[in-house]
Amino acid sequence: MNSFIEELKWRGLFADMMPGTDEQLNKEMTTAYIGFDPTADSLHIGSLIQIKILAHFQQHGHKPIALVGGATGMIGDPSGKSAERNLLDEATLLHYVDCLQNQLSRFLNFDGNETNKAELVNNYDWMKKISFLDFAKNVGKNITVNYMMAKDSVKKRLSGEAGVDGMSFTEFTYQLIQGYDFLHLYQNNNVKLQMGGSDQWGNITTGTELIRRKAQGEAFALTVPLITKADGSKFGKSESGENYWLDKKKTSPYKFYQFWLNATDTDAERFIKFYTFLGKEEIDALIEDHKTAPHERKLQKKLAEEVTVWVHGREEYERALKASEILFGKSTAEDLVSLDEEIFLEIFDGVPQKEVAKADVLGINIVDLLSEKSGFLKSKSEATRELKGNAISVNKEKINEVYTANDTDLIDGKFLLLQKGKKSYFIVKVI
């Protein structure tokens, strides 16, 4: 069996392939592509598997092409969707395409003189030159409506199984346009394999059929499973339904790191195979080591490190790690003070906050600050009692009645973190 397919199988990333795919990969360096539709100005972690498949493909000596769907993005893929997507205007779509091209260039090797260096293509570059009549005559006549209707993505929508009855002609043409992408890349870029999620099987095989009928050629399909959590819930979204994005401006490296760190033991065992490039022996050893002391969460920590470094780099990982350690009391006040506003507020998201004049924070009696100035504690007597009981911390360090805050105590020059006991926090924002 081909080493690339073996790699996918032991990682649990293999769903299906057309007959002959294994033989094709063993025969020669093969060029394959995966498509990414530009539905936003960033990819999210749901796209990481597809990116990783291309990276593995390249590491095994084959040539990957990442296709950004400037044309197909105008329509929207109905596969796995219960409703039609909102169509984007051209300016927005082209902006999204540019953002995704820049993002994808970080994950694959596009440089050097190697014959298998990666390529980026945009299907709008060839689709914009084709008129509707030419497409209908030269492409549409090669695939029957019966063939297109038999695809699961179409049948589920037409039967109402996906939660809505029917689909527009616009969406119905999606598989034909994606099939033409495969044909174009087969004829112009020597692409013989398309890969994607298992929900893409119908669209991919439409391409192989079009290549057979239109070009009298042979092409292949390979799919990977759709990823869910072990409990069956959707992977890659927060409890509130928000995406975790690969762009740090949309999802900070700290939140990104926390997502992987908070994986259950069962999910961590699966995800470390899916989302890291660690070898089988190292992963097996990590899993066994984790089982001896699961409370130490070694598996989750390694998973979070590997994926955060891959997506955001070592420096951002180190910052996210420091921020995480601050939250759990494993760092110094100096570490806390060195945080910038964005990370500090993310760590202590939801903590009550009050703006207080600088003159009422710096240099004043701590009892006054804790009570009447900030309102953190109800009274001076409560503040005095808690201080004597060694229950009060400022910036995660215990203080007593003689403490006064100064400029060097301010986090990013503007915050003090007050704390009573282990779990009661309050943020003073100095103005």
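Per an unreviewed UniProt entry, the protein chain carries the name Tyrosine--tRNA ligase and comes from Chryseobacterium piscium. The Catalytic activity (unreviewed entry) field of the UniProt record for the protein chain holds the comment "tRNA(Tyr) + L-tyrosine + ATP = L-tyrosyl-tRNA(Tyr) + AMP + diphosphate + H(+)". The UniProt entry for the protein chain carries the following comment under Subcellular location (unreviewed entry): "Cytoplasm".

Taken together, Phe132, Leu133 and Phe169 make up a surface patch of nonpolar side chains, about 410 Å² in accessible area. Looking at the element boundaries, leucine 133 is found in helix α6 (residues 132–138). A residue is classified by how much of its surface remains accessible, and leucine 133, at 64% relative accessible area, is exposed.

If you walk across this open sheet you meet the five strands as β7-β11-β10-β8-β9, and the pairing is mixed. Each having just a single partner strand, β7 (353–356) and β9 (397–398) make up the two edges of the open sheet. Of the strand pairs in this sheet, strand β10 (residues 415–420) and strand β11 (residues 424–430) are connected by six bridges, and their pairing is antiparallel. When the bridges of β11 are listed, glutamine 419 appears paired with tyrosine 425.

Another point: the UniProt feature "domain: Tyrosine--tRNA ligase SYY-like C-terminal" (unreviewed entry) in the protein chain. Look at the UniProt record and you will see "domain: Tyrosine--tRNA ligase SYY-like C-terminal" (unreviewed entry) annotated at residues 346–428. Regarding residues 346–428, the helix share stands at 23% and the strand share at 24%, and the terminal C-alpha atoms are separated by 15 Å.

Now for helix α10 (residues 174–189). Because the α-helix completes a turn every 3.6 residues, residues three or four places apart line up on one side. Taking 1.5 Å per residue, 16 residues should reach 22 Å; α10 reaches 21 Å between its end C-alpha atoms and fits that length. Most of α10 is tucked away, with 12 of its 16 residues classed as buried. The set of residues buried in α10 consists of Tyr174, Gln175, Leu176, Ile177, Gln178, Gly179, Tyr180, Asp181, Phe182, Leu183, His184 and Leu185.

In the structure shown here, the tally under the stated rule is 23 salt bridges. Notably, a salt bridge pairs glutamate 119 with lysine 63, separated by 3.1 Å at the nearest N-O pair. Of the two residues, glutamate 119 is situated in strand β4 (residues 119–122) and lysine 63 in strand β3 (residues 63–68); the sequence distance between them amounts to 56 residues. On the accessibility criterion, glutamate 119 (28% relative accessible area) is partly exposed. For arginine 319, the salt bridge goes to aspartate 340, with nearest N and O atoms at 2.6 Å. In this pair, arginine 319 sits in helix α16 (residues 314–327) while aspartate 340 sits in the loop between α17 (333–337) and α18 (341–347), placing the two residues 21 residues apart along the sequence.

Turning to the side chain of glutamine 103, a few remarks are in order. Take glutamine 103: it is sitting in helix α4 (residues 90–104). Here serine 42 takes part through its side chain, which lies 3.0 Å from a polar atom of the side chain of glutamine 103. Among all residues touching glutamine 103, those that are not within four sequence positions of it are Ser42, Leu43, Leu246 and Asp247.

This brings us to the domain arrangement of the protein chain. Where interface size is quoted, it is often the accessible area lost as the parts come together. Each domain of the protein chain was delimited in the assignment, giving domain 1 (3–224), domain 2 (253–329) and domain 3 (351–430). Taken together, the contact pairs 14 residues of domain 1 with 16 residues of domain 2. Where domain 1 abuts domain 2, roughly 1,300 Å² becomes buried across the two surfaces, and 73% of that area is made up of carbon and sulfur atoms. Taken together, the links from domain 1 to domain 2 amount to six residue pairs in polar contact (both at pLDDT 80 or more). Residue composition of the side of domain 1 that touches domain 2, grouped by class: eight nonpolar, three polar and three charged.

Now for unusual backbone geometry. Even without being glycine, asparagine 190 reaches a positive phi, approximately 60°. Mapped onto the elements, asparagine 190 comes out in the loop between α10 and β5 (191–197). With relative accessibility at 46%, the residue asparagine 190 sits in the partly exposed group.

The tendency in soluble globular proteins is for nonpolar side chains to be buried side by side. Core analysis: the biggest nonpolar cluster contains 58 residues, and Leu48, Met195, Trp260 and Tyr275 have the highest contact counts within it. In terms of residues, this core owes the most to one element, helix α3 (residues 48–59), which gives seven residues. A domain-level breakdown of this core finds at least three residues from each of domain 1 (3–224) and domain 2 (253–329). Each residue touching methionine 195, except ones within four places of it in the same chain, is listed here: Phe4, Ala32, Tyr33, Ile34, Ile53, Leu54, Phe57, Ile204 and Leu222.

Parameters and conventions
Residues numbered from 1 in each chain as written. Predicted model: local features only at pLDDT ≥ 70, side-chain atom pairs only at ≥ 80, totals over all residues. Heavy atoms only, no water. UniProt positions renumbered as here; feature names shortened; annotations may be inferred. Patch = residues over 30% accessible without salt bridge, like charges linked within 9 Å, V, L, I, M, F, W, Y side chains within 5 Å. Areas by Shrake-Rupley, 256 points an atom, 1.4 Å probe, with all protein chains shown as cover. Salt bridge = Lys/Arg side-chain N within 4 Å of Asp/Glu carboxyl O. Helix = DSSP H or I, 4+ residues; strand = E, 2+ residues; numbered from the N terminus. Buried < 20%, exposed > 50% of the residue type's maximum accessible area, 1.4 Å probe, protein only. Pairing = 2+ DSSP bridges. Expected span 1.5 Å × (residues − 1). Polar contact = N/O pair within 3.5 Å; in protein donor to acceptor, adjacent residues only side chain to side chain. Contact = heavy atoms within 4.5 Å. Domains from an automatic or database assignment. Buried area = accessible area lost by both parts, 1.4 Å probe. Nonpolar A, V, L, I, M, F, W, Y, C, P; charged D, E, K, R; others polar. Core = buried A, V, L, I, M, F, W, Y, C linked by side-chain atoms within 4.5 Å.

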